[in-house]
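Working through the structure, step by step
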Amino acid sequence: MLISEAKTLINEFVNVTYSDRNGSEVTEVVEIWDVAFVPLYGPCIICDAGELRLDRVIACEITASPYLKAA
């Protein structure tokens, strides 16, 4: 994922799939707060799950907030 692509997702809830440090794929629904360069990691998505390195992001798609419930 490129930084320009990630910046379009700021303030959105997304369903993100990324590889963890063991190489296995993890899928989570997160809220993206910012995209920034983190020393020693490089460009990262700053979200409620922590910092996700952009080079480890496999897929990312906008989803509805997990906190909204249907009436």
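Quick summary incoming for the structure in this document. All values derive from a computational prediction rather than experimental measurement.

The subject of this paragraph is the overall build of the chain. The number of helices and strands found in the chain is one helix and five strands. Beginning at the N terminus, the succession of helices and strands in the chain can be written as α-β-β-β-β-β. Dimensions along the principal axes, computed over C-alpha positions, put the chain at roughly 45 × 25 × 15 Å. Classification of the 71 residues of the chain by burial places 28% in the buried group. Counting contacts in the chain only where the partners sit at least 6 residues apart, residues at least 24 apart contribute 42% of the total. With an accessible surface of roughly 4,900 Å², the chain has 52% of that area assigned to carbon and sulfur atoms.

Peptide bonds are, in most cases, trans, and in most cases residues other than glycine have a negative phi. Backbone geometry at Asn11 places phi at a positive 70°, although glycine is not the residue there. As for its position among the elements, Asn11 is in the loop between helix H1 (3–7) and strand E1 (13–19). With relative accessibility at 58%, the residue Asn11 sits in the exposed group. A positive phi angle, near 75°, is found at Leu40, a position not held by glycine. Along the chain, the position of Leu40 falls in the loop between strand E2 (25–38) and strand E3 (42–47).

This part covers the pairing of E1. The element E1 is largely enclosed, with a buried count of five among its seven residues. Summarising the sheet, E1 and E2 pair through seven bridges and their orientation is antiparallel. Residue pairing for E2: Ser19 is matched across the bridge by Glu25. Counted along the chain from E1 to the antiparallel partner E2, the turn is five residues long, and its residue Gly23 has a positive phi close to 95°. Bridge analysis of E1 against strand E5 (residues 57–62) gives five bridges, and the strand direction is antiparallel. Across the sheet, residue Val14 finds its bridge partner in E5, namely Ile62.

Here we come to the environment of Val29. Along the chain, the position of Val29 falls in strand E2. A residue is classified by how much of its surface remains accessible, and Val29, at 42% relative accessible area, is partly exposed. Along the backbone, Val29 and Thr63 are 34 residues apart, and their C-alpha atoms lie at a distance of 7.9 Å. Discounting chain neighbours no more than four positions away, the residues touching Val29 are Val14, Asn15, Thr63 and Pro66.

The rules behind each value
Sequence order as written defines residue numbering, which begins from 1 separately in each chain. Owing to the predicted nature of the model, reporting of local features is limited to residues with pLDDT of at least 70; listing and counting of side-chain atom pairs is limited to 80 or more, with chain, interface and lining totals taken over all residues. As a convention, hydrogens and water are excluded, and side-chain values are obtained from all of the structure's heavy atoms. Elements are defined by DSSP. Helices are runs of H or I of four residues or more, strands are runs of E of two residues or more, and each kind is numbered from the N terminus. A simple rule labels every residue: compare its accessible area, found with a 1.4 Å probe on the protein chains alone, to the largest value its type can have, and call it buried under 20%, exposed over 50%, or partly exposed in between. We call two residues in contact whenever any of their non-hydrogen atoms come within 4.5 Å of each other. What sets the accessible areas is the Shrake-Rupley method with a 1.4 Å probe; for residues, cover comes only from the shown protein chains. DSSP calls a pair of strands paired once it identifies at least 2 bridges connecting them.

That's the geometry; what it means functionally is another story.
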